[in-house]
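Listed below are the residues making up each chain.
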Amino acid sequence: MRYIRSMASTDDWSTRHSVLANARRTAALINVLTGTDDQPQPQPDAVAEVLRQYGELEPIEINSGDIARMRAAALLLREVFAAGHVDPAAEALNRLLLEHTGRLRLTSHGGSTPWHPHLDRHDDAPWDEWFLASSCLALTVLLWDRQRPPGGLCASPSCQNVYVTQGPGPARRYCSRRCATRERVAAHRRGHQDGTSLSRARESTGEA
Ligand SMILES: [Zn+2]
């Protein structure tokens, strides 16, 4: 996605609306909407804050009915992140594109933005329809571009977050540095317990 990066330095709108930024917004919304067991229904303020972080303009009017419908959309979108491989991820996206989105169209929101693609049925679509459609569009483009699943589920057993896969290189496994560090520390502790007899054996043979 080199062209997006170079455009991003000169065009703030492109920064906020790049495919990768949209996919990260999707992951952040899924996490705030479905990430916790103890609080099955998040507060509208928490969701509005995520939208604000990703450039949504004020006023952000969102009520508890919107949140319930967005949560249902988030549960559908989690299937793409849970797929684990590019083929089932594509199949999950195809199901969503068939059943839950409108046709591909271009909008400039009445001339207030550059032309860009939308998959919701109209510019005033409800939050849940916009969330599902904009997410499907971003995840579809990422899968197309990289021929990889666009994201995954955090490998930490105590975390239910999703994350967006970023760029080439080794596959990412955790949603955040926090989860990666916690699991590394836990693995280190387990290694110390399991490795006690091994280190004794090494001491006896003079190995480091
Ligand atoms: Zn995590």
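Predicted model, so just to flag it, every value in this text is computed and none were measured.

Calculation notes
Residue positions are given per chain, counting from 1 as you read along its sequence in written order. Given that the model is predicted, a residue must reach a pLDDT of at least 70 before its local features are reported, and side-chain atom pairs must reach 80 or more before they are shown or counted; all residues, however, enter totals for whole chains, interfaces and linings. Helix and strand labels come from DSSP, where a helix needs a run of H or I of at least four residues and a strand needs a run of E of at least two; each type is numbered from the N terminus. Here exposure depends only on C-beta density: within 10 Å of a residue's C-beta, 20 or more other C-beta atoms make it buried, 12 or fewer make it exposed, and intermediate numbers make it partly exposed, the C-beta atoms being placed from the backbone. Two residues form a contact once the distance between their C-beta atoms, set from the backbone, is within 7 Å. Axis angles are defined between N-to-C directions and span 0 to 180 degrees, where every axis is a line fitted to C-alpha atoms and, for a helix, only to the segment in contact. Orientation categories follow fixed angle ranges, with anything under 35 degrees roughly parallel, anything over 145 roughly antiparallel, 65 to 115 roughly perpendicular, and all other angles oblique. A score between 0 and 100, pLDDT records how confident the predictor is in each residue. In this classification, the charged set is Asp, Glu, Lys and Arg, the nonpolar set is Ala, Val, Leu, Ile, Met, Phe, Trp, Tyr, Cys and Pro, and all remaining amino acids, among them Gly, are polar. Note on terminology: a nonpolar core is any set of buried Ala, Val, Leu, Ile, Met, Phe, Trp, Tyr and Cys residues joined through C-beta atoms within 7 Å. Take the residue count of a helix, subtract one, and multiply by 1.5 Å to get its expected span.

Observations concerning the overall build of the protein
Counting its regular elements, the protein contains nine helices and four strands. Starting at the N terminus, the α and β elements of the protein follow one another as α-α-α-α-α-α-β-β-α-β-β-α-α. When burial is assessed residue by residue, the protein has 28% of its 208 residues classed as buried. Considering only contacts in the protein between residues 6 or more positions apart, those separated by 24 or more positions represent 50%.

Points about the packing of helix α5 (residues 64-82) against helix α6 (residues 86-100)
Contact geometry for α5 and α6: axes closest at 7 Å, N-to-C directions at 155 degrees. Taken as axis vectors, α5 and α6 run roughly antiparallel relative to one another. Across from L76, E79 and V80 in α5, the residues of α6 making contact are A89, A92, L93, L96 and H100.

Side note on the confidence of the model for the protein
Averaged over the protein, the pLDDT score is 84; the fraction of residues at 70 or greater is 80%. Confidence drops under pLDDT 50 across residues 1-10; counting only partners more than four residues distant or on other chains, this segment forms 11 contacts. In the predicted structure, residues 197-208 sits below a pLDDT of 50 and forms one contact with residues beyond four places in sequence or in another chain.

What to know about unusual backbone geometry
That bond from E58 to P59 is cis: its omega, -5 degrees, falls within 30 degrees of zero. Locating P59 in the fold gives a position in the loop between α4 (44-53) and α5. Phi is positive for Q147, which is not a glycine, with a value near 55 degrees. Owing to 8 C-beta atoms within 10 Å, Q147 belongs among the exposed residues under this scheme.

Some details on the environment of L132
Turning to its location among the elements, L132 is positioned in helix α7 (residues 127-146). Distance in space between the C-alpha atoms of L132 and L77 is 7.3 Å, their sequence separation being 55 residues.

Remarks on the packing of helix α3 (residues 19-34) against α4
Remark: α3 packs on α4, axes separated minimally by 10 Å, with the N-to-C direction vectors making an angle of 170 degrees. Classified by the angle their axes make, α3 and α4 are roughly antiparallel. Contacts between α3 and α4 involve A28, L29, V32 and L33 on the former and, on the latter, A46, V47 and V50. Of the residues in the contact of α3 with α4, the class split is seven nonpolar, no polar and no charged.

Regarding the nonpolar core
The nonpolar side chains of a soluble globular protein tend to be buried, and buried together. By size, the foremost hydrophobic cluster in this structure holds 37 residues, and its most contacted members are L29, M70, V80, L93, C136 and L139. Elements with a contribution of two residues or more to this core: α3, α5, α6, α7 and β4 (162-164). Among the elements that take part in this core, α7 stands out by supplying 10 residues, more than any other. Excluding anything up to four places from it in sequence, C136 contacts L93, L96, L97, T101 and L119.

A few points about α5
Between its terminal C-alpha atoms α5 stretches 26 Å, which fits the 27 Å expected from 19 residues at 1.5 Å a residue. Among the residues making up α5, those that are buried are I67, M70, R71, A73, A74, L77, R78, V80 and F81. Turning to α5, the residues buried within the fold contact α3, α4, α6, α7, β3 (151-153) and β4. One or two steps after α5, the chain reaches G84, where phi turns positive at roughly 85 degrees.

Some details on the environment of Y163
Summarising the element assignment, Y163 is placed in strand β4. Classification of Y163 by C-beta neighbours within 10 Å gives buried; the count is 24. What Y163 contacts, discounting residues up to four positions off in sequence, is A27, G151, G152, C154, R172 and C175.

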